[in-house]
Amino acid sequence: MPTHSLIPCLRYQDAPAAIDFLCAAFGFESHAVYADDQDPSLIHHAQLTLGDGMVMLGSARPGPSTDAYRWKTAAEAGGVTACVYIIVDDLDAHHARARAAGAEIVTPPHDNEGYPGRGYHARDPEGNSWSFGTYDPWAPL
């Protein structure tokens, strides 16, 4: 399996529900989930894969790490400052799956303006922004 040096990391108030949603709506697969032994609703760390990409996530919780890194969920921050972009082969099928699973569709499938490919944008139930598209920035120019 290929390894990549850039992996987005997110925090969720309800990490178990986020994992279920991301797998059902966007097609992620659970690679590793480390729940708390006493409280399985607390996710210390999770790794989800999609194709050869990965995101990591965990439960939002107070503590020294949250204070040091200034972690905020999208809701706590009042919005997002970044979005995760994922290349998909069949954009329309991916969009239909996400919509059927309850993803908030921000922009439906459309041709990219000013560069090749098509894309759509969605938000997960906690407000994180996800962009899916056929444009592959790694493809030869």
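In case you missed it, the structure is sitting above this.
Residues numbered from 1 in each chain as written. Predicted model: local features only at pLDDT ≥ 70, side-chain atom pairs only at ≥ 80, totals over all residues. Heavy atoms only, no water.

Draft legend 1. Representation of the pattern of salt bridges within the structure. As enumerated under the stated definition, the model contains three salt bridges in all. Of the charged contacts, one joins R123 and E104 as a salt bridge, the two residues approaching to 2.9 Å between their closest N and O atoms. Of this pair, R123 sits in strand β7 (residues 118-123) while E104 sits in strand β6 (residues 104-111), and the two are 19 residues apart along the sequence. Given a relative accessible area of 31%, R123 falls into the partly exposed group. For R118, the salt bridge identified is with D111, shortest N-O distance 3.7 Å. The exposure class of R118 is partly exposed, given its relative accessible area of 28%. By sharing partners, the salt bridges in this structure join D92, D111 and R118 into a single network. (Salt bridge = Lys/Arg side-chain N within 4 Å of Asp/Glu carboxyl O. Helix = DSSP H or I, 4+ residues; strand = E, 2+ residues; numbered from the N terminus. Buried < 20%, exposed > 50% of the residue type's maximum accessible area, 1.4 Å probe, protein only.)

Draft legend 2. The arrangement of the nonpolar core in detail. Among the nonpolar cores identified, the biggest contains 27 residues, and L22, F26, F28, L57 and W130 are the most heavily contacted of them. Elements with a minimum of two residues in this core: β1 (9-12), α1 (15-26), β3 (43-50), β4 (53-59), β5 (83-87), α4 (91-100), β7 and β8 (129-133). Looking at this core, the element that brings in the most residues is α1, giving eight residues. Those residues in contact with L57 that lie beyond four places of it in its chain are L10, R11, Y12, A15, I19, L22, I43, H45, A46 and L48. (Core = buried A, V, L, I, M, F, W, Y, C linked by side-chain atoms within 4.5 Å. Contact = heavy atoms within 4.5 Å.)

Draft legend 3. Main features of α1. With twelve residues, α1 should reach 16 Å at 1.5 Å per residue; the first-to-last C-alpha distance of 15 Å fits that figure. At the N-terminal boundary of α1, the capping side chain belongs to D14, with an oxygen 3.2 Å from the backbone nitrogen of A17. At the C-terminal side of α1, G27 shows a positive phi close to 85 degrees. (Expected span 1.5 Å × (residues − 1). Polar contact = N/O pair within 3.5 Å; in protein donor to acceptor, adjacent residues only side chain to side chain.)

Draft legend 4. Quick peek at the layout of surface pockets. Taken as a whole, the largest pocket encloses approximately 1,300 Å³ of empty space. Considering the residues around the largest pocket, the lining is formed by 43 residues, among which P8, M54, V55, V84 and Y85 are closest to the centre. Of all elements in the fold, only β1, β3, β4, α3 (74-77) and β5 reach the threshold of two or more residues within the lining of the largest pocket. Examining the composition of the lining of the largest pocket, we find that five residues originate from one element, β5, more than from any other. (1 Å grid on protein atoms, 1.4 Å probe; cavity = no way out; pocket = protein on both sides within 12 Å on 5 of 7 lines; lining within 4 Å. Points joined across faces, edges and corners; volume = space filled by probe spheres on them.)

Draft legend 5. Focus on the sheet that holds β7. Strand order in the open sheet formed by four strands is β5-β8-β7-β6, and the pairing between neighbours is mixed. Two strands lie at the open edges of the sheet, namely β5 and β6, each paired on one side alone. Between one strand and the next, the sheet's axes are offset by a mean angle of 15 degrees, whatever the strand orientation. Alignment of β6 against β7, held across five bridges, turns out to be antiparallel. Residue pairing across strands places I105 opposite A122, the latter belonging to β7. Together, β6, β7 and β8 form the strand contacts of α4, whose direction differs from that of β7 by roughly 15 degrees. (Pairing = 2+ DSSP bridges. Axes fitted to C-alpha atoms, helices over the stretch in contact; angles between N-to-C directions.)

Draft legend 6. Quick look at the packing of aromatic side chains. All told, the structure shown has six aromatic pairs when counted by the stated rule. Seen in terms of ring centroids, F26 and F132 are 4.8 Å apart; in terms of plane orientation they differ by 55 degrees. Their pairing is tilted. Within this pair, whereas F26 is found in helix α1, its partner F132 is found in strand β8, the two being separated by 106 residues in sequence. Neither F26 nor F132 differs from the other in exposure class; each is buried. Judged by centre distance (5.0 Å) and plane angle (75 degrees), the ring pair of Y115 and Y135 falls under edge-to-face. With Y115 in the loop between β6 and β7 and Y135 in the segment after β8, this pair connects stretches of sequence that are 20 residues apart. An aromatic cluster of three or more residues is present, and its members are F21, F26, F28, Y120, W130 and F132. If you follow R11 out to its NZ or CZ, it ends over the ring of W71, 4.0 Å from the centre. (Phe/Tyr/Trp six-rings, centres within 6.5 Å; stacked < 30°, edge-to-face > 60°. Lys NZ or Arg CZ within 6 Å of the ring centre and 35° of its normal.)

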